[in-house]
Each structure stands twice: as structure tokens, then as C-alpha cells.
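Report on the structure
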Amino acid sequence: MEISCHKISSGSASGPALVSKESISFLGTVDPDTGKVVDPQHQLCGEDIGGKVLIFPGGKGSTVGSYVIYQLKKRGVAPAAMINIRSEPIVAVGAIISAIPLVDGVSEEILATKDGTIVTVDANRELIRIEEP
Amino acid sequence: MHLSREEEQAYQGDLGDTLRRAMEILVALGDIYGADRLIPVASVQVAGVSFKTIGEAGLEWISDLRGKVVVPTVLNPAGMDLRRWQDMKIDEKFANKQLEIVDAYSSLGISPDCTCTPYQIRPDAVRRGDHLAWSESSAVSFANSVIGAKTNREGGPSALAAALVGKTPRYGYHLEENRVPTHKISVETDLESSDYGVLGYIVGREVGEGVPRFSFRRRPQVDELKALGAAMAASGSVALYYFEEDAPQAQKGAEEISVSAKDIQQVREENAPDEEVDIVALGCPHCSPKELEDIARLLEGKRVEREFWICTARGVAERCPNLVKKIEASGAKVFCDTCMVVSPASDRHQKMMVNSGKALAYIPGLCKIKAAYGSTEDCVKAATRRD
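What you see is a predicted model, and the numbers here were worked out from it, not measured in a lab. (Residues numbered from 1 in each chain as written. Chains lettered and ligands numbered in written order. Predicted model: local features only at pLDDT ≥ 70, side-chain atom pairs only at ≥ 80, totals over all residues.)

1. Some thoughts on the overall build of chain B
A tally of helices and strands in chain B yields 15 helices and 12 strands. On C-alpha atoms alone, chain B measures out to a radius of gyration of 21 Å, which is about the 21 Å that the 2.2 N^0.38 rule sets for 387 residues. Projected onto its principal axes, the C-alpha positions of chain B cover 70 × 55 × 35 Å. Across the 387 residues in chain B, those meeting the buried criterion constitute 52%. (Helix = DSSP H or I, 4+ residues; strand = E, 2+ residues; numbered from the N terminus. Rg over C-alpha atoms; globule rule 2.2 N^0.38 Å. Buried ≥ 20, exposed ≤ 12 C-beta atoms within 10 Å, placed from the backbone.)

2. Structural notes on the overall build of chain A
If you tally the helices and strands in chain A, you get 3 helices and 8 strands. For chain A, the α and β elements follow one another from N to C terminus as β-β-β-α-β-α-β-α-β-β-β. The C-alpha radius of gyration computed for chain A amounts to 13 Å, which stays within 12% of the reference 14 Å derived for 133 residues, consistent with globular compactness. Burial status across chain A gives 48% buried among its 133 residues.

3. What to know about the environment of B:Val342
Residue and element names in this part refer to chain B. Mapped onto the elements, Val342 comes out in the loop between strand 10 (333-336) and strand 11 (351-354). Residue Val342 is classed as buried on the basis of its 26 C-beta neighbours within 10 Å. Once the C-alpha coordinates of Val342 and Ile185 are considered, the two residues, 157 residues apart in sequence, prove to be 31 Å apart.

4. What about the sheet that holds strand 8 (residues 279-287) of chain B?
All names here are of chain B. The strand order 10-9-8-11-12 describes an open sheet built from 5 strands, whose pairing is parallel. Single-partner strands in this sheet number two, and they are strand 10 and strand 12 (370-373). Each strand axis lies, on average, 30° off the axis of its neighbour in the sheet, ignoring direction. Sheet topology note: the strand 8/strand 11 ladder contains 3 bridges and is parallel. The partner of Ala281 across the bridge, within strand 11, is Val354. Sitting on the sheet, helix 14 (residues 357-367) is in contact with strand 8, strand 11 and strand 12, with an inclination near 165° to strand 12. Lying over the sheet, helix 15 (residues 376-384) contacts strand 8, strand 9 (307-312) and strand 11, oriented at roughly 145° with respect to strand 8. (Pairing = 2+ DSSP bridges. Axes fitted to C-alpha atoms, helices over the stretch in contact; angles between N-to-C directions. Contact = placed C-beta atoms within 7 Å.)

5. Section: the domain arrangement of chain B
Residue and element names in this part refer to chain B. The assigned domain composition of chain B is domain 1 (5-176), domain 2 (180-268) and domain 3 (271-384). Taken together, the contacts link 10 residues of domain 1 with 13 residues of domain 2. Its residues assigned to classes, the side of domain 1 that touches domain 2 shows 4 nonpolar, 5 polar and 1 charged. (Domains from an automatic or database assignment. Nonpolar A, V, L, I, M, F, W, Y, C, P; charged D, E, K, R; others polar.)

6. Some words on the pairing of strand 5 (residues 81-84) of chain A
Residues and elements named next belong to chain A. Burial along strand 5 is two-sided: the residues Ala81 and Ile83 and Met82 and Asn84 are all buried. Where strand 4 (residues 53-56) meets strand 5, 4 bridges bridge the pair, whose relative direction is parallel. Along strand 5, the bridge assignment pairs Ile55 with Ile83. Sheet topology note: the strand 5/strand 6 (residues 102-104) ladder contains 2 bridges and is parallel. Note that in strand 6 the partner of Met82 across the bridge is Leu102. Taken together, strand 5, helix 3 (residues 89-98) and strand 6 form a β-α-β motif whose crossover is right-handed. (Right-handed = clockwise from strand over helix to strand, strands pointing away.)

7. Re the confidence of the model for chain B
Averaged over every residue, the pLDDT of chain B is 95; residues scoring 70 or more account for 100%. With a pTM of 0.90, the predicted complex shows an ipTM of 0.76. (pLDDT = per-residue confidence, 0-100.)

8. Some details on the pairing of strand 6 (residues 212-215) of chain B
Residue and element names in this part refer to chain B. Bridge analysis of strand 5 (residues 183-187) against strand 6 gives 4 bridges, and the strand direction is parallel. Residue pairing in the sheet places Lys184 in a bridge with Arg213 of strand 6. Crossover connection from strand 5 via helix 8 (residues 195-207) to parallel strand 6: handedness right-handed.

9. Some words on the sheet that holds strand 7 (residues 255-259) of chain B
All names here are of chain B. With parallel pairing, 3 strands are arranged side by side in an open sheet as 6-5-7. Edge positions in the sheet fall to strand 6 and strand 7, since each has one partner strand and no second. The mean angle between the axes of side-by-side strands here comes to 20°, regardless of whether they run parallel or antiparallel. The strands touched by helix 8 within the sheet are strand 5, strand 6 and strand 7, with strand 7 carrying the most contacts at an inclination of about 155°.

10. Overview of helix 8 of chain B
Residues and elements named next belong to chain B. With 13 residues, helix 8 ought to run about 18 Å at 1.5 Å a step, and its terminal C-alpha atoms sit 18 Å apart, in line with that. Buried residues dominate helix 8, accounting for 11 of its 13 residues. Those residues of helix 8 lying buried are Asp195, Tyr196, Gly197, Val198, Leu199, Gly200, Tyr201, Ile202, Val203, Gly204 and Val207. The inward-facing, buried residues of helix 8 abut strand 5, strand 6, helix 9 (222-235), strand 7, helix 10 (261-270) and helix 14. Following helix 8 by one or two positions, Gly208 adopts a phi angle in the positive range, close to 60°. (Expected span 1.5 Å × (residues − 1).)

Here it is in C-alpha cells:
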């Protein structure tokens, strides 16, 4: 299945989906050295975001979150790509400075994607491809 | 968002990776906030300088950047005086990281002036009507409200992107329709200088992101406006206010708020100093030459009995060497490039007395110490009082 979307940060990447119905504050929620979600209050607590196509409504919290995304990338534990319903500046800036493909402008149905489904984000062509199970 | 041919080339990466990433930041923010195009900026002030704030994550990003800024660009305050950090008892590890951050910014062509008051060191660099991409909340407020320039409150990366491209997306406070007053504030008492910080502290909490239009009994002085705007940007997120009689009229249905002498007295009483005060710090925002002069006069012939910091821009201190000498003769310390809010040196104290509504709002949360408020005179008294 192919879905059209809006490019925020260029590039193209694939990986298994990891879906959060909650928005994410990268500062404090994700360990910048391991890519593990460490906030016990968060739906994804205990999950590794490294290499995943992280699908979530959008970001929130401290602007330092942008730099945390960059640290994840340098440690090799960043998401392969990200999909938002609507991007806000913290995640948008974080993805861009980290060269992680990021798109938004998709309907909330994307949040029903099953974890582990292989998803390709082609930000340059503004396309998301979801493999059939 | 519409891009010119040259902007489009930069966005597609034809002019290198740094410019591509900078353009992506500007376009992403422009799309998020509904900008129609990019506009040139006269100058940039970049946030994200104190190692205490941005940590390893931020340092890594800045160190990896390659490129040169194309408009005059300065920095926000750092976590320490870049030369006298040992006098602040900053540990060497932090100092090295902090110097690395400033060096990394300098190698991008950014001037290593670390101040929240760029308009005090380069008054010619910003004029009425200029579009800017400034970051620090009190500088943004001063530029919009007192100078009559136009700037949003930028984050670190978006300010840097604006400096590399020389442009910013046209939205928010760049547009006249977003500069209309949303609240009418009537101040029903005569104010002393030190009341402006309290007034800002009160009004910021009330109006949040609004655009207040003040009516005063007398026209405030520049340093008073600096204190007022800084406090409103800290207790709320006010980026623009009006204080002149001929300012634009407030929008229909604007909320009216009156502030009385009693309201101001109440904040003062709640934050009155006591014996626990073990440090006094002035210069939030950074002291003007006039404020240094007042402090020097108040300190004449006195000895300070506890830690007393006066924070200013290096450019201001260099312009007033005799005032700095006079102040330091009392045992007080004039620190440049930094302030009590962003320096970890504040954290080892118990209770800090300030004359700033902004510092009063931030010190408890950011430094995890208590804060007390008083006029400059009261602060000098507290610093020189013998137990």
C-alpha cells in the first residue's frame, strides 16, 4: 500500500514499524546512548527505537529534544525514518539536523499500523510504502 | 511555501549539504507555521550556548557543522565568563566543554559575543523595521517592542539556519496582523525602577503568549523597559508589547487588566529577602553602562560580605573599565559572557537575591535554589550587610 505524504526532512529509508499513539518528548523519554524508551509513563517504555520507522502523532517538550535526536543518530541508535500526523518544530529540526527522513501530513489511520510491519519512507518522493502482511 | 530559484537550488542540495539542511529547517518551520516565503534578516542571535542547557548532544551537533554565516550573528549567554571562569569556581571539565561550544560557533563566522542584550553592544546593528532572527526571549521582546524591529523567538538550530541562509520564514511577528495588542494593561500607580520587573512578572503570568498594551502614568526609561519585557517573557511568553501612547489600539474584545500598587507590593512581600540569602546577582538582562554606573555609586566606600555578581556583556564592560574597577574594588565581581540563570555556578548556593523579574521566575526551576527580590539598592544592602 502506498500513501502520499509531505516531506519535512529529505532521504529514504525502510524498517520495521514502531507505533506510538502518544506524542514523544525526546529529552527525558529516550536514552540518547541506547535508543531505548526509558520514561515509565510512556506507552513505548522499554522499546528500542533504533532502526525502526517510528510512527507517532508529533513531538512535544524541550527544544533540547532536537539535539537528542542528533545524538541518537551519532550513536547509531536513531530511528531509520519517522512519520508524524503533524510535525512540530522540535522533531522537525531534530530530524533535519540528523539527516533522518521525516514526513507528515498523513491521516491518523497510520497509527493503526502493526508494530514490525516493514515500512518504507521516501521523503524525496513524498511516499510511504507499507508492506502487506 | 514559495521559494526563489536560488532558494530552491539550496533546498535541493545543489549548494552543499550545510545549506541544504539549513534550508530544510527554514522550509519545515515555514510550512508548520504557514509562511508564504522567506525574507532577509538583518542580524541573528543564536541560542543554545550554555553547556548546562544543551549538554553533549548540542555540542556534538555544533561541532559537526561546516559553513559560514552570511549576516552579523552573535550568541546567547554562555555558562561561564569565558576568561574568568575559575573565579566563578567552574570546574575544568565544564569549562573545556563550554569553550569548545563557543569555538565551534566562532568557526562558523559567528562573533563570540555571548549576551542577552546584543542591542547594547551593537546599537547600530538593529534598526526600526528590520527583520531579525533572534533567540533569547528578552532580546526578542526588546527588539520587537522598544526598537520596533520584527523577530520571532527562534530556537538554536532555526536561528543558525537563518544565519547561514540570511533569511527566515515570514510568519508570526514578521506579519503586522500578529502584532496587534491582545490585552490592555492599565498601571494604576507610580512605579519605581525596580517595580518594572515585578510588573512584568505579574503581567506575563496573566497574558501568556499575548501582546499587552500598557498605559503608564509616566513614560518608562530604556532599562525599565528591558526589565519589564524580560520578566514577561519569562513568567509568560510575551514577545511583543506596547508602551507608547500612540501605539496601535488593542483588538476588539481585548481583555483589560489593571495592576495596582497592592499587586506589586504583594509579589515583593512574597519574595522578600531573609538571612538565607548567600548570593546577590544583578544583570538579568545584562547591565547597561547606566546600570553599572548606579551599582558603582551604591557600592562606593563599601565592602561586600557575601558573593555578589554583576553580569554584563563583554562589549559593555570593555567600554566602561573605570566602572568595572570601582565595582570590583568593593569585592563584587563583574562577570561577562554569562548570567546567573544559565551558569551552573549558581547551583551551589542556597538563596539568590536578584533585582530582576526574569531571574525571579527562572532561578528556582533552572538552578534549583531559592530566589528573593529587591531593588538594586536593596540588593547592594543585602550584599554588604554585616551579620
